[in-house]
Amino acid sequence: MKSLVGFLALASLGISGAAVAQPGDHVRIGDAELVPKVILGSHYRTNAYLMESNEEAGVALMLVPSAELKLDGQDVKLDLGAGYQLRKYMSSQLSNLDRFRDGNFKIDLGLMPKSIIGFDLQENFRSSSRESEAWYSETTALITHLRNDLSGAVAFHPGGALEADAGGHFSFDDYNVPAGANIDNNANYNSRLGYGPAASFKWRFFPRTAVLLNASMDWFKWNNNLVNIQSGAGQTTTEYGSYLGLPDGTLLTVSGGLRGRFTERVAIGLVLGYNKAIYDEQTVIDDGLNEPEAAGDIDVSSGFGTDSTGLDNLLASASIEYSLSETHRVVLGYDRGIEDSYFTNYVLHNYMFLRYHVLLGTRLGVGAEGGLSLEGFRGEVARDDVVVRARLNGTYAANEWLAVGTGVWWDRRVSADGIAAIEYDDVQVNLNLTFTY
């Protein structure tokens, strides 16, 4: 297995002059370092479809090969990575939850990183899936999100403690749902284009402490501003009618704060900001001209013209980390912000968490997390959810190239508005082997 992983990594690069290292030492290619990795694992889910009732339990096998190439040179700094995830359920009744399309690819390229003026280019592609209640689907019961984000910036390094950059980004999002979930029997739910400028500033006033300032503007446009949610001709199965309005819009974010280690035991992060989501309801109205039968659903009072207001515009991130010892660490944190949603205007999240990490001996690490998230969806779909999360993970480093990991996770979603259809409980037990060359 070890030899096979190393051979495939070298052969895929097509570089004959690479130095072959021992397992766990990674692979040196000139000044670059290649880290191939394979995860073999399995998990047991008590509620595979995330149903409010009639839960289905199941066991799935998982294969996750990945590789990362890093180079830190005088003129070029490169971080290149790619991975693929395959997940197969043992029961044929759960085969519509099998994952074959999940993966990621990233490039983080810095040109002249040690010069006064440099350039940064980032490319991030990810295909991710999550379960839905479409147990009846013959093909897939997954909601798949494809995202590609390309960004570039001019970086300013005047020396010492100051860093600044300014540039922009272009993004593409594509959402696919179970084909039987809509009248058109079409898996492609919607897609979105986004673009805009961004700038950041960092000042390190202590060796391990920095002041941060960030600003960005994102304009986004949906392919369909009016989505048909009928399950059949003239059949309305939800309280939202036969069509959902998804307006084009703008998201503005400005934030500032500091992060750093103030003592040997205490690290603090505090970032406050303003984020504003503004939506153009006219784009929904104009799209409705192409759907005469949707005339009864195109009413701004239904909520698709909702902009973020009041405290929804407050962005905040705070954490305090306390090191009980060199091997014990506790983190208390809070995160708040808004983002555009694919089925309503935007979602506001408030996440509070407590994390604990401990290293037992030299090879066994244990981590735990408990969190509470308050999620407010605003737009034509308007609701408030409470999400409880608990995680307990353990990792044993058997040697330099093999680690054994296990964990027990619990997720619970509850509707603050009494919408039973979106509520569920799910317990997941994981076991995996990680081979690193």
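To be clear, the structure that these remarks concern was listed above.
Attention in this report is confined to the structure presented alongside it.

Rules and cut-offs
Residues numbered from 1 in each chain as written. Predicted model: local features only at pLDDT ≥ 70, side-chain atom pairs only at ≥ 80, totals over all residues. Heavy atoms only, no water. Helix = DSSP H or I, 4+ residues; strand = E, 2+ residues; numbered from the N terminus. Rg over C-alpha atoms; globule rule 2.2 N^0.38 Å. Buried < 20%, exposed > 50% of the residue type's maximum accessible area, 1.4 Å probe, protein only. Contact = heavy atoms within 4.5 Å. Areas by Shrake-Rupley, 256 points an atom, 1.4 Å probe, with all protein chains shown as cover. Lys, Arg positive; Asp, Glu negative; His and termini not counted. Charge placed at Lys NZ, Arg CZ, Asp CG, Glu CD. Patch = residues over 30% accessible without salt bridge, like charges linked within 9 Å, V, L, I, M, F, W, Y side chains within 5 Å. Salt bridge = Lys/Arg side-chain N within 4 Å of Asp/Glu carboxyl O. Core = buried A, V, L, I, M, F, W, Y, C linked by side-chain atoms within 4.5 Å. 1 Å grid on protein atoms, 1.4 Å probe; cavity = no way out; pocket = protein on both sides within 12 Å on 5 of 7 lines; lining within 4 Å. Points joined across faces, edges and corners; volume = space filled by probe spheres on them. Nonpolar A, V, L, I, M, F, W, Y, C, P; charged D, E, K, R; others polar. Phe/Tyr/Trp six-rings, centres within 6.5 Å; stacked < 30°, edge-to-face > 60°. Lys NZ or Arg CZ within 6 Å of the ring centre and 35° of its normal. Pairing = 2+ DSSP bridges.

Scanning the protein from N- to C-terminus turns up two helices and 21 strands. Relative to its length of 437 residues, the protein is compact, with a C-alpha radius of gyration of 24 Å against a globular reference of 22 Å. For the protein, the spread of C-alpha atoms along the principal axes amounts to about 65 × 55 × 45 Å. Looking at the 437 residues of the protein, the share that counts as buried comes to 40%. Put simply, of all contacts in the protein between residues at least 6 apart along the chain, 58% involve residues at least 24 apart. In the form shown here, the protein has an accessible surface area of approximately 22500 Å², with 60% of it arising from carbon and sulfur atoms. Here the protein contributes 34 positive and 54 negative side-chain charges, whose respective centroids are spaced 10 Å apart.

To continue, consider a nonpolar patch on the surface. A cluster of nonpolar side chains, contributed by Tyr44, Val59, Leu61, Met90, Leu392, Val408 and Val429, occupies part of the molecular surface with about 610 Å² of accessible area. Considering the arrangement of structural elements, one finds Leu61 in strand E3 (residues 58–72).

Further remarks concern the pattern of salt bridges. Oppositely charged side chains are able to pair whenever their charged atoms sit close together. Under the definition given, this model contains 25 salt bridges. With a shortest N-O distance of 2.7 Å, Asp98 and Lys88 are connected by a salt bridge. Of the two residues, Asp98 sits in the loop between strand E4 (76–89) and strand E5 (99–111) while Lys88 sits in strand E4, which places them 10 residues apart along the sequence. Look at the salt bridges and you will find they share partners, linking Arg45, Arg99, Asp102, Glu131 and Asp426 into a network.

Within the largest apolar cluster, 21 residues are counted, with the highest numbers of intra-cluster contacts made by Tyr189, Trp222, Ala277, Ile338, Tyr342 and Phe343. Counting residues per element, the ones that place at least two in this core are strand E10 (209–222), strand E14 (266–280) and strand E17 (346–360). Excluding its chain neighbours within four sequence positions, the residues that come into contact with Tyr189 are Tyr175, Asn176, Val177, Asn224, Val227, Leu244, Tyr342 and Phe343.

What follows deals with empty space enclosed by the protein. Empty space among the atoms becomes apparent when a probe as large as a water molecule is rolled across them. Taken as a whole and judged by the stated rule, the model has two cavities of 30 Å³ or more. By volume, the second largest cavity is sized at about 30 Å³. Lining of the second largest cavity is provided by Phe220, Thr250, Leu251, Ala277, Tyr279, Ile338, Glu339, Asp340 and Tyr346. Going through the elements one at a time, strand E13 (248–261), E14 and strand E16 (328–340) are the ones with two or more residues in the lining of the second largest cavity. Here the lining of the second largest cavity is composed, by residue class, of six nonpolar, one polar and two charged.

In total, this model carries 11 aromatic pairs according to the counting rule given. With a centroid separation of 6.1 Å and 35 degrees between ring planes, the pair formed by Tyr175 and Trp222 is classed as tilted. Of this pair, Tyr175 sits in strand E8 (residues 162–176) while Trp222 is found in strand E10, placing the two residues 47 residues apart along the sequence. As far as the burial class goes, Tyr175 and Trp222 line up, both buried. With centroids separated by 5.8 Å and ring planes inclined at 85 degrees, the aromatic side chains of Tyr189 and Tyr342 adopt a geometry described as edge-to-face. Within this pair, whereas Tyr189 is found in strand E9 (residues 188–206), its partner Tyr342 is found in the loop between E16 and E17, the two being separated by 153 residues in sequence. In this pair, the class of Tyr189 matches that of Tyr342, namely buried. The ring of Phe353 is capped by Arg355, whose NZ or CZ atom sits 3.9 Å from the centre of that ring.

Before going further, it helps to examine the pairing of strand E20 (residues 402–415). Bridge analysis of strand E19 (residues 383–397) against E20 gives 13 bridges, and the strand direction is antiparallel. The residue of E20 that forms the bridge with Ala397 is Ala403. Between the end of E19 and the start of E20, which pair antiparallel, lie four residues. In this structure, E20 lies alongside strand E21 (residues 424–436), joined through 12 bridges in antiparallel fashion. Among the inter-strand pairings, Trp409 is bridged to a residue of E21, identified as Gln428.

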